[in-house]
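Notes for the structure review
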Amino acid sequence: MYFMGYSKWLLLGSRFVAGVGTGAGSSIFGFLTRSTAPADRSTVFAAVMACRQVGLLIGPAFNIFLRLCDFQLGPFVVNKYTAPGIFMCALWLLMQLVVLLMYWDVDSQCIITATITRPREEEELEKEEEEEEEDRPLVRPHEPLGCYGALTNSCSTVKPEANVDLASPCPPVEQVHSSPIKYSSAGREFLKVEVLVLLAAQFITLFNQTALETMVTPLTQRFFNFGELENSIMYCLCGVEVIAGFVFVRWFSKRVEERVVLAVGLILCNISCVWCLIFLANPQGGFPWQLAEFIIGVFLQVLGLPFVAVAQVSLFSKITAEKTQGFSQGIRRSVGGLATILGPLWAGGLTSNLYLMLGVMMGLLALLTIMMAVSYEQLVERPMVEHADSSED
């Protein structure tokens, strides 16, 4: 539809169809949440978010060769304006083949069993640690001979009923299919402070990111006389930086909590916005100084994206109910979609008044930083006991 583009209504319809298709992202994150362990979720999300962010940033770089297209394809003209449409269509067809031939859904029983056994195992480990701290004896008089030491608690807490539930696949499946989403409880869940903070982080970071991306092209044309080739090269370099950033976040998230990763990302975003407000709103000096100031500002902005993107998605999956992850991720994606609409609208009309545009963005980041500092203690994983209770009710 975008390739044909003989009418403005057809172009508008293509955007509508593309927006409907992006709803698949919510189910992808919901599936990843249910099929990954909480300890490994940050690293998995780092890889997934890396793919998405790299696509968003290096997509314009394909204009290096798409701008050279100038030929006829049947009744349609392929030029630098319509070539991106046919190129995206080819990529989506390739993606369809990959999904049909190489992707299969994990058996629902495997996911259900994992959600039941994982919380119980972690409860047993916690009880074992408590026993070690209290220096309890390894062998008790009333215990069977096969249970001693650290195995005592697991031998005594595993009940026959639990083993029956795990062995029989029918009851858990019926429970999952017979438990609809309770909208009242879901509404209360999204009103929790930590959930609101992460939704605000999703909105503000994407709002600022899309606003700055909208600002970059006219800014480079005004001050540096960049053309399509120069802007495409710039986006390629940003893509390389993003890849390196996600690789580092993947390593960093294994050693610290997600809220620490989020805090580091917000610090970098604040520094970047302050830099742009000081040096880019009214650039001073000659061409080399202005170019250096611009490069540093873009570098800092792109550097903070992987930290915030991975941390807020991973934390959001851990503080919301696991059984409604598809719905929860849909809400999060909707908030992000609203930000990607409002960001370019805000920046597009204020390219001649950068102080106002960057000042509002800085104010939003400062507000988000304060919100995170106040709710820092709540930005932790939900107790696994809640998952166990919900799976056994």
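Thresholds applied
Residues numbered from 1 in each chain as written. Predicted model: local features only at pLDDT ≥ 70, side-chain atom pairs only at ≥ 80, totals over all residues. Heavy atoms only, no water. Helix = DSSP H or I, 4+ residues; strand = E, 2+ residues; numbered from the N terminus. Buried < 20%, exposed > 50% of the residue type's maximum accessible area, 1.4 Å probe, protein only. Contact = heavy atoms within 4.5 Å. Areas by Shrake-Rupley, 256 points an atom, 1.4 Å probe, with all protein chains shown as cover. pLDDT = per-residue confidence, 0-100. Salt bridge = Lys/Arg side-chain N within 4 Å of Asp/Glu carboxyl O. Core = buried A, V, L, I, M, F, W, Y, C linked by side-chain atoms within 4.5 Å. Axes fitted to C-alpha atoms, helices over the stretch in contact; angles between N-to-C directions. Parallel < 35°, antiparallel > 145°, perpendicular 65-115°, else oblique. Left-handed = near helix turned anticlockwise from the far one by under 90°. Nonpolar A, V, L, I, M, F, W, Y, C, P; charged D, E, K, R; others polar. Disulfide = S-S within 2.5 Å. Phe/Tyr/Trp six-rings, centres within 6.5 Å; stacked < 30°, edge-to-face > 60°.

1. Things to note about the overall build of the chain
Across its full length, the chain holds 17 helices and two strands. Going through the 393 residues of the chain one by one, you find that 39% of them count as buried. In the chain, of all internal contacts separated by at least 6 residues, the share reaching a separation of at least 24 is 79%. Accessible surface for the chain amounts to roughly 21900 Å². Of this, 68% is attributable to carbon and sulfur atoms.

2. Details of the confidence of the model for the chain
Summary statistics for the chain give a mean pLDDT of 75 and a share of 73% for residues scoring 70 or more. Predicted confidence is poor over residues 145-182, with pLDDT under 50, and the contacts of this stretch with residues over four places away or in other chains come to 36 contacts. Ignoring residues within four places in sequence, the model shows residues 385-393, a span with pLDDT below 50, making 12 contacts including any to other chains.

3. Topic: the environment of Leu315
Along the chain, Leu315 falls in helix 14 (residues 287-319). By relative accessible area, which is 2% here, Leu315 ends up buried. Along the primary structure Leu315 and Leu262 are separated by 53 residues, whereas in three dimensions their C-alpha atoms are 9.3 Å apart.

4. As for the side chain of Gln312
Mapped onto the elements, Gln312 comes out in helix 14. Judged by its relative accessible area of 3%, Gln312 falls in the buried class.

5. Some thoughts on the pattern of salt bridges
If you walk through the whole model with that rule in mind, you get three salt bridges. Lys192 is the partner of Glu194 in a salt bridge, and the nearest nitrogen-oxygen pair spans 4.0 Å. With relative accessibility at 26%, the residue Lys192 sits in the partly exposed group. For Glu257, the salt bridge identified is with Arg259, shortest N-O distance 2.6 Å.

6. Section: the nonpolar core
With 63 residues, the main nonpolar core has Leu262, Phe294, Met357, Leu358 and Met361 as its most contacted residues. Only helix 2 (24-35), helix 3 (41-58), helix 11 (193-223), helix 12 (228-252), helix 13 (258-280), helix 14, helix 15 (325-348) and helix 16 (354-374) provide two or more residues apiece to this core. Setting aside chain neighbours within four positions, we find Phe294 in contact with Val216, Leu219, Thr220, Phe224, Met234 and Leu280.

7. A look at the packing of helix 13 against helix 16
Where helix 13 contacts helix 16, the two axes come as close as 10 Å, and the packing angle between them is 160°. Compared by their axis directions, helix 13 and helix 16 come out roughly antiparallel. The element helix 13 and its partner helix 16 pack so that their crossing is left-handed. Where helix 13 abuts helix 16, its residues Arg259, Leu262, Ala263, Leu266, Cys269, Asn270, Cys273, Val274, Cys276, Leu277 and Leu280 lie against Leu354, Tyr355, Leu358, Gly359, Met361, Met362, Leu365, Ala366, Leu368, Thr369 and Met372. Among the residues forming the contact of helix 13 with helix 16, the class breakdown is 18 nonpolar, three polar and one charged.

8. Quick word on unusual backbone geometry
One non-glycine residue with positive phi stands out, namely Asn225, at about 60°. Classification of Asn225 by relative accessible area gives exposed; the value is 67%.

9. Notes on the state of the cysteines
Disulfide: a covalent bond formed between the sulfur atoms of two cysteine residues. Evaluation of the coordinates by the stated rule reveals zero disulfides. With no disulfide partner, Cys273 has as its closest neighbouring cysteine sulfur the one in Cys276, 6.5 Å distant. Accessibility expressed as a relative area gives 4% for Cys273, which makes it buried.

10. Concerning the environment of Leu11
Mapping Leu11 onto the fold places it in helix 1 (residues 8-21). For Leu11, a relative accessible area of 32% puts it in the partly exposed group. Between the C-alpha atom of Leu11 and that of Met1, which follows or precedes it by 10 residues, the distance is 6.6 Å.

11. Observations concerning the packing of helix 14 against helix 15
Running from amino to carboxyl end, helix 14 crosses helix 15 at an angle of 140°, the nearest separation of the two axes being 10 Å. Between helix 14 and helix 15 lies a crossing whose hand is right-handed. Of helix 15, the residues touching helix 14 (which contributes Gln312, Val313, Phe316 and Ser317) are Gln325, Ser328, Gln329 and Arg332. In terms of residue class, the contact of helix 14 with helix 15 is made up of two nonpolar, five polar and one charged.

12. Comments concerning the packing of aromatic side chains
Applying the stated criterion across every chain yields a total of 11 aromatic pairs. Relative to Phe207, the ring of Phe203 lies with its centre 5.9 Å away and its plane at 20°, an arrangement referred to as stacked. Remark: Phe207 and Phe203 occur in helix 11; sequence separation between them is four residues, near one turn of the helix. Since its relative accessible area comes to 21%, Phe203 is described here as partly exposed. In textbook terms, an aromatic cluster arises when at least three aromatic residues are bridged by ring pairs, as seen for Phe223, Phe224, Phe226, Phe287 and Phe294.

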